[in-house]
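# Analysis of the macromolecular model
What follows is the residue order along each chain.
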Amino acid sequence: MICYYNNSFLEKNEIKVSPFDRGFLFGDGIYEAIRTYNSNLFMYEEHLARLKRNLIKININYEKIDALEGIIYELIERNNFSDNEVNVYLQITRGESFPRKHEFPAPSVSPTIFVYALPIDTKKLQNDEGISIILKKDLRWKRCDIKTINLLPAVMAKQEAVLQQAYEAVWHNGNAILEGSHTNFFGVRESRVYTHPLDNSVLPGITREIIKKLCKNLNIPFVEQPVLVAETNLYEEFFITGTTTEIKPVIKIEGEILGGGKPGKISTNLIEAFTELTKNYYGN
Ligand code: PDD
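An account of the accompanying structure is given in this report.

## Notes on the overall build of the protein chain
Regarding its fold elements, the protein chain presents 6 helices and 15 strands. Structurally, the protein chain occupies a C-alpha span of about 55 × 40 × 35 Å along its principal axes. Across the 284 residues that make up the protein chain, the buried fraction comes to 49%. When contacts within the protein chain are restricted to residue pairs at least 6 apart in sequence, those whose partners lie at least 24 apart make up 72%. As presented, the protein chain carries roughly 14,500 Å² of accessible surface, and 51% of it is formed by carbon and sulfur atoms. In the protein chain, 33 side chains carry a positive charge and 36 a negative one; their mean positions are 3 Å apart.

Encoded structure:
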């Protein structure tokens, strides 16, 4: 498989990352996950805008950012993935500098960029039957709006979910439900969709934005207020969203079955609208 690393397209086994790369030493970098529908990068402008905002937030200057779209399509072509849908992973770190020092290196140090694309098994995707989640007290840092590659809490929580045969671990702060380890979280109460407002405790998900738009189209009130842990019993439905996850209805929380173990009406309507949108997607 061919990947893009710094200025080259290289066979994955040929890529050598320096142990002095700040991504390796400090987790000093950010990433994006994007996917295609009908071979078009879905919501590319929005992903690029978030990437640019994240670079500014952590003070990395990556000058070639506007060339990335072409690089991604070239990567897909070079791998002969053009007939598949793909997931694209893109990471930018602050680059390599020696010796290890916390403060930023000289401006002459270039960021490290890594991109790869992987075909998606579209038959396996979109689990409309529903998934299980566990709830976890949030133990991440206080800038979850930044898509950092520093994902140790997410890795730990997701592993715990998997060990409990759950799809996702969802963070709460002792009171409000925030988001999943790699997804945004939504509740449906009296036919209104609730989700945590955009602040430093959640990632501004691109799929979350789509949910907001679809709710508007379907005349479903979209309320940016969190679901409270103590009030989950007042909700009819829950679902999670993400680029690779799409929309997945939640039918079990902490082992407790919800809605008779079947996806709710609003989740199902949103999945249908999302499927329609992506089926007809041919670029921004
Ligand atoms: N995860 N919240 C968190 C913490 C995430 O990591 C993600 C994305 C989301 C959903 O964002 P979006 O709709 O823009 O994908 C919410 C990516 C897909 C990942 O970790 O692979």
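## Describing the nonpolar core
The biggest cluster of nonpolar side chains holds 27 residues, and the ones touching the most others in it are Leu68 and Ile72. Sort the elements by how many residues they give to this core and helix α3 (residues 68–78) lands first, with 5 residues. Not counting residues within four places of it along the chain, the set of residues in contact with Ile72 comprises Ile34, Leu41, Tyr44, Val88, Leu90 and Val115. Membership of the second largest hydrophobic core comes to 21 residues, among which are Tyr37, Phe239, Ile247 and Phe274.

## Some words on the pairing of strand β14 (residues 246–253)
Across the 8 residues that make up β14, a large majority, 7, are buried. Pairing of strand β7 (residues 131–137) with β14 involves 3 bridges; the strand directions are parallel. Residue Ser132 lies in a different strand from β14, and its bridge partner there is Lys252. Pairing of strand β13 (residues 237–242) with β14 involves 5 bridges; the strand directions are antiparallel. Residue pairing across strands places Phe238 opposite Val250, the latter belonging to β14. Counted along the chain from β13 to the antiparallel partner β14, the turn is 3 residues long. One ladder, built from 2 bridges, connects β14 with strand β15 (residues 256–257); its direction is antiparallel. Bridging across to β15, Ile253 finds its partner in Glu256. The antiparallel hairpin formed by β14 and β15 contains 2 residues in its connecting segment, where Glu254 sits at a positive phi of about 50°.

## Here we look at the packing of helix α5 (residues 206–217) against helix α6 (residues 265–279)
Relative orientation of the contacting elements α5 and α6 amounts to 105°, with a least axis distance of 10 Å. By the angle between their axes, α5 is roughly perpendicular relative to α6. From α5, Thr207, Ile210, Leu214 and Cys215 reach across to α6, where they touch Leu270, Ala273, Phe274 and Leu277. Considering only residue class, the contact of α5 with α6 consists of 7 nonpolar, 1 polar and no charged.

## Details of the side chain of Asn184
Residue placement: Asn184 occurs in strand β10 (residues 184–189). At a separation of 3.2 Å, a polar atom in the side chain of Asn184 contacts the main-chain carbonyl oxygen of Leu203.

## Brief notes about the site of the ligand
As a structural note, the neighbourhood of the ligand is formed by 18 residues, with Arg50, Glu179, Ile206, Thr207 and Thr243 the closest of them. At 3.4 Å, a side-chain N or O of Lys147 approaches a nitrogen atom of the ligand. Contacts to the ligand include Ile206, whose backbone N or O atom sits 2.8 Å from an oxygen atom. Out of a free accessible area of 480 Å², the ligand has 89% covered by protein chains.

## What about the packing of aromatic side chains?
Following the criterion strictly, the structure yields 13 aromatic pairs and no others. Seen in terms of ring centroids, Tyr4 and Phe9 are 5.1 Å apart; in terms of plane orientation they differ by 65°. Their pairing is edge-to-face. Both residues of the pair, Tyr4 and Phe9, belong to the buried class. Ring centres of Phe185 and Phe238 lie 5.5 Å apart, and the angle between their planes is 25°; on these two criteria the pair is classed as stacked. Note that Phe185 is positioned in strand β10 and Phe238 in strand β13, a separation of 53 residues in sequence.

Rules used in this analysis
Residues numbered from 1 in each chain as written. Predicted model: local features only at pLDDT ≥ 70, side-chain atom pairs only at ≥ 80, totals over all residues. Heavy atoms only, no water. Helix = DSSP H or I, 4+ residues; strand = E, 2+ residues; numbered from the N terminus. Buried < 20%, exposed > 50% of the residue type's maximum accessible area, 1.4 Å probe, protein only. Contact = heavy atoms within 4.5 Å. Areas by Shrake-Rupley, 256 points an atom, 1.4 Å probe, with all protein chains shown as cover. Lys, Arg positive; Asp, Glu negative; His and termini not counted. Charge placed at Lys NZ, Arg CZ, Asp CG, Glu CD. Core = buried A, V, L, I, M, F, W, Y, C linked by side-chain atoms within 4.5 Å. Pairing = 2+ DSSP bridges. Axes fitted to C-alpha atoms, helices over the stretch in contact; angles between N-to-C directions. Parallel < 35°, antiparallel > 145°, perpendicular 65-115°, else oblique. Nonpolar A, V, L, I, M, F, W, Y, C, P; charged D, E, K, R; others polar. Polar contact = N/O pair within 3.5 Å; in protein donor to acceptor, adjacent residues only side chain to side chain. Near = heavy atom within 4 Å. Phe/Tyr/Trp six-rings, centres within 6.5 Å; stacked < 30°, edge-to-face > 60°.

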